[in-house]
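# Report on the structure
Letter by letter, the chains look like this.
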Amino acid sequence: AHLDHVGVRNDQVYNGADDNASGSAAVLEAAEAVSMAQVRRSVIFVLLTAEEKGLLGAFHFADNPPGPADDIVLNINLDMVGRNSPEFPDALLALASEEGRTDLVGLIREVNETQVGATLDWRLIEGEDPHGHVQRSDQLAFMQKGIPAILITRGFMGPDYHEPSDDPETI
């Protein structure tokens with residue numbers, strides 16, 4: 001997830017509660033859950049910055065990983081997960097790149113169906129993505145390095161997207 005938002009514009013503070021404090025909070029919760037579980041693989045939790053300035057933090061990390069890039073099995077990006085968007089009111093959107101792992105989407109669907117039970121909406125990987133979700137968030141940097149990636153989001157373009165009204169009470 002990314003920590004930044006658009007900052008201050010015209011003397012108005014843009015808090016970015018959904019974009020992307022919600023994703024950052026979800027990463028921290030996931031890290032806490034994993035720390036209490038026995039895992040068979042190393043897991044790296046990363047909160048990136050400068051997503052709003054062109055995915056700069058993600059590109060830097062993908063270009064300079066803490067270990068061999070070939071050892072990164074999957075990037076899961078959480079962006080704007082705190083509030084449903086008007087376009088996708090009832091589901092989490094799941095957009096994946098099967099780059100380097102052709103069974104990724106099937107695996108995610110199976111794990112979700114058997115263990116998680118989230119309502120995942122896959123229509124954007126099965127058809128046109130009119131808002132360019134994949135190109136607009138941090139998973140793109142990993143995909144361009146050939147690392148399989150998935151974006152989990154509630155969708156962009158809600159009424160408070162990049163507005164000073166993206167405050168905690170809207171979550």
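Here the structure is a predicted model, which is why all the values come from computation and not from measurement. Along each chain, numbering runs from 1 in the same order as the chain's sequence is written. For a predicted model such as this one, the threshold for reporting local features is a pLDDT of at least 70, and the threshold for listing and counting side-chain atom pairs is 80 or more; totals across whole chains, interfaces and linings nevertheless cover every residue. Where side-chain values are given, they derive from all heavy atoms of the structure, hydrogens and water being excluded.

### Digging into the overall build of the protein chain
Scanning the protein chain from terminus to terminus reveals five helices and six strands. Secondary structure elements of the protein chain occur, N-terminal to C-terminal, as β-β-α-α-β-β-α-β-α-α-β. Using C-alpha atoms as the atom set, the radius of gyration is obtained and then compared with a globule rule of 2.2 Å times the number of residues to the power 0.38. Expected size for 171 residues packed as a compact globule is a radius of gyration near 16 Å; at 16 Å, the protein chain falls within 12% of this value. Relative accessibility decides the category of a residue: with a 1.4 Å probe and only protein chains considered, values under 20% of the type maximum give buried, values over 50% give exposed, and everything between is partly exposed. Evaluated residue by residue, the protein chain yields a buried proportion of 41% over its 171 residues. The contact criterion used throughout is that any non-hydrogen atoms of two residues lie within 4.5 Å. Long-range contacts, defined here as pairs at least 24 residues apart, represent 74% of the contacts in the protein chain between residues at least 6 apart. Surface accessibility follows the Shrake-Rupley procedure with a 1.4 Å probe radius. Residue values consider only the protein chains on display as shielding. Surface exposure of the protein chain reaches about 9,600 Å², of which carbon and sulfur atoms provide 50%. The sign given to each residue is positive for Lys and Arg and negative for Asp and Glu; His and the chain ends receive no count. One atom stands in for each charge, and that atom is NZ of Lys, CZ of Arg, CG of Asp or CD of Glu. Where the 11 positive side-chain charges of the protein chain centre and where its 29 negative ones centre are 4 Å apart. Here a strand is any run of E in DSSP of at least two residues, a helix any run of H or I of at least four, and the numbering for each starts at the N terminus.

### Digging into the side chain of histidine 2
Structurally, the position occupied by histidine 2 is in the segment before strand E1 (7–9). Residue histidine 2 is classed as buried on the basis of its relative accessible area of 0%. Beyond its immediate sequence surroundings of up to four residues, histidine 2 is in contact with Asp19, Asn20, Ser24, Leu48, Glu51, Glu52, Asp79 and Asp138.

### Focus: the layout of surface pockets
Here the largest pocket is characterised by a volume of approximately 1,900 Å³. Contributing to the lining of the largest pocket are 44 residues, with Val43, Phe45, Leu74, Asn75 and Ile76 lying nearest its centre. Contributing elements (two or more residues each) for the lining of the largest pocket: helix H1 (17–35), strand E3 (75–78), helix H3 (104–116) and strand E6 (149–153). No other element matches H3, which puts seven residues into the lining of the largest pocket. Cavities and pockets were defined on a 1 Å grid built from protein atoms only: a cavity is a group of points that admits a 1.4 Å probe but offers it no way out, a pocket is an open group of points flanked by protein on both sides within 12 Å along at least five of seven lines, and a lining residue is one with an atom within 4 Å of any such point. Grid points are joined across faces, edges and corners, and a volume is the space filled by probe spheres set on the points.

### As for the packing of aromatic side chains
Between rings of Phe, Tyr and Trp, where Trp is taken as its six-membered ring, a pair exists when centres lie within 6.5 Å; planes separated by under 30 degrees are stacked, by over 60 edge-to-face, and by other angles tilted. One pass over the structure, following the stated rule, counts one aromatic pair. Judged by centre distance (5.9 Å) and plane angle (45°), the rings of phenylalanine 61 and phenylalanine 142 are tilted. Pair noted here: phenylalanine 61 is in helix H2 (residues 56–63) and phenylalanine 142 is in helix H5 (residues 139–143), with a separation of 81 residues, a long-range link. Residue phenylalanine 142 is classed as buried on the basis of its relative accessible area, which comes to 5%. Any Lys NZ or Arg CZ that is within 6 Å of a ring centre and within 35 degrees of that ring's normal is treated as a charge sitting over the ring. In this structure, arginine 9 is placed above the aromatic ring of tyrosine 14, and the distance from its NZ or CZ to the ring centre is 5.6 Å.

### Quick look at the side chain of serine 24
Tracing the sequence through the fold places serine 24 in helix H1. Separated by 3.1 Å, the side chain of serine 24 and the backbone oxygen of histidine 2 make a polar contact. Once residues within four sequence positions are removed from consideration, serine 24 is found in contact with Ala1, His2, Leu3 and Leu47. Under this definition, polar contacts are N or O atom pairs within 3.5 Å; protein pairs additionally need one hydrogen-donor-capable and one acceptor-capable atom, and for neighbouring residues in sequence, both atoms have to be side-chain atoms.

### Quick notes on the pattern of salt bridges
Each salt bridge in this description consists of a side-chain nitrogen of Lys or Arg and a carboxyl oxygen of Asp or Glu lying within 4 Å of one another. Scanning all chains against the criterion turns up two salt bridges. The salt bridge involving aspartate 63 is made with lysine 145; its shortest N-O contact spans 2.9 Å. Residue aspartate 63 is located in helix H2, and its partner lysine 145 is located in the loop between H5 and E6; the two are separated by 82 residues in the primary sequence. The exposure class assigned to lysine 145 is partly exposed, which follows from its relative accessible area of 46%. A salt bridge links arginine 83 to aspartate 160; its shortest N-O distance comes to 2.1 Å. Here arginine 83, found in the loop between E3 and strand E4 (92–97), pairs with aspartate 160, found in the segment after E6; they are 77 residues apart in sequence, far enough to count as distant.

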